[in-house]
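Each chain is listed here by its residues.
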Amino acid sequence: LALTIKFRAGSLGTILSTANGPKTFSRERVEIFSEDSAFTIEDFRVATVVQRGKSKRIKKWSQDLGYLQELDHFLNSDSFDSSGLFQGYFYTTLAALKGNESLQRGLPVTIPSLNQYVEEKVF
């Protein structure tokens with residue numbers, strides 16, 4: 001499965017899920033690129049940051065998927081809306097649903113803005 005998201009400012013986000021590849025290679029990998037920086041996470045154990053020509057590698061002995069930190073932030077946030085959590089969760093869920101719709105239709109789909117849902121009083 002390959003899912004590509006084109007953001008309003010022109011950036012692209014790609015999610016690739018495959019069962020192929022050697023077992024010795026990382027099974028989960030996150031890569032983020034900007035103009036002068038790159039960031040990777042492999043199996044949620046090793047992170048590499050490259051910025052302005054310098055590289056830093058961070059290793060952990062156990063996987064850290066961030067669930068506990070996310071739950072702690074969610075439960076201890078002063079305001080759910082002001083923390084940006086709601087919008088982040090909303091768009092993550094919407095992107096997954098729209099990705100499924102795109103697969104079923106075999107066509108690209110648009111992810112509407114949060115404002116459209118608020119104005120239509122969907123929730």
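Cut-offs used in this document
- Residues numbered from 1 in each chain as written.
- Predicted model: local features only at pLDDT ≥ 70, side-chain atom pairs only at ≥ 80, totals over all residues.
- Heavy atoms only, no water.
- Pairing = 2+ DSSP bridges.
- Helix = DSSP H or I, 4+ residues; strand = E, 2+ residues; numbered from the N terminus.
- Patch = residues over 30% accessible without salt bridge, like charges linked within 9 Å, V, L, I, M, F, W, Y side chains within 5 Å.
- Areas by Shrake-Rupley, 256 points an atom, 1.4 Å probe, with all protein chains shown as cover.
- Salt bridge = Lys/Arg side-chain N within 4 Å of Asp/Glu carboxyl O.
- Axes fitted to C-alpha atoms, helices over the stretch in contact; angles between N-to-C directions.
- Phe/Tyr/Trp six-rings, centres within 6.5 Å; stacked < 30°, edge-to-face > 60°.
- Buried < 20%, exposed > 50% of the residue type's maximum accessible area, 1.4 Å probe, protein only.

Some words on the pairing of strand β3 (residues 29-33)
Piece 1. Both β3 and strand β4 (residues 37-42) contribute to a ladder of five bridges, which runs antiparallel. Directly across from Phe33, in β4, lies its bridge partner Ala38.
Piece 2. Counting the residues between successive antiparallel strands, the hairpin from β3 to β4 contains three residues.

Focus on a nonpolar patch on the surface
Piece 1. Judged by side-chain polarity, Leu71, Phe74, Leu75 and Tyr89 come together as a nonpolar surface patch covering roughly 380 Å² of accessible area.
Piece 2. The dominant element in the nonpolar patch, judged by the number of residues it contributes, is helix α1 (residues 67-76), at three residues.

Details of the sheet that holds strand β6 (residues 54-59)
Note: strands within a sheet are paired through backbone hydrogen bonds, in either parallel or antiparallel orientation.
Piece 1. Taken in spatial order, the four strands of this open sheet run β3-β4-β5-β6, and their pairing is antiparallel. Lying at the two open borders of the sheet, with one neighbouring strand each, are β3 and β6. Neighbour to neighbour, the strand axes of the sheet diverge by 10° on average, direction disregarded.
Piece 2. In this structure, strand β5 (residues 46-51) lies alongside β6, joined through six bridges in antiparallel fashion. Bridge pairing in β6 links Thr48 to Arg57.

Notes on the packing of aromatic side chains
Piece 1. For the coordinates displayed, the defined rule picks out one aromatic pair.
Piece 2. Geometrically, the ring pair formed by Phe90 and Tyr91 is edge-to-face, given 5.5 Å between the ring centres and 80° between the ring planes.
Piece 3. Relative accessible area serves as the criterion here: at 14%, Phe90 is assigned to the buried category.

Some details on unusual backbone geometry
Piece 1. Notably, Phe44 is not glycine yet its phi reads approximately 55°, a positive angle.
Piece 2. By secondary structure assignment, the location of Phe44 is in the loop between β4 and β5.
Piece 3. The class of Phe44 is partly exposed, set by a relative accessible area of 23%.

Regarding the environment of Phe25
Piece 1. Looking at the element boundaries, Phe25 is found in the loop between β2 (12-16) and β3.
Piece 2. For Phe25, a relative accessible area of 48% translates into the label partly exposed.
Piece 3. Remark: the alpha-carbon pair of Phe25 and Glu42, spanning 17 residues in sequence, is separated by 9.2 Å.

What about the environment of Tyr91?
Piece 1. Mapped onto the elements of the fold, Tyr91 is located in helix α2 (residues 85-105).
Piece 2. A relative accessible area of 27% means that Tyr91 is categorised as partly exposed.
Piece 3. Put simply, Tyr91 and Ser113 are 22 residues apart on the chain and 8.8 Å apart in space, counted from C-alpha to C-alpha.

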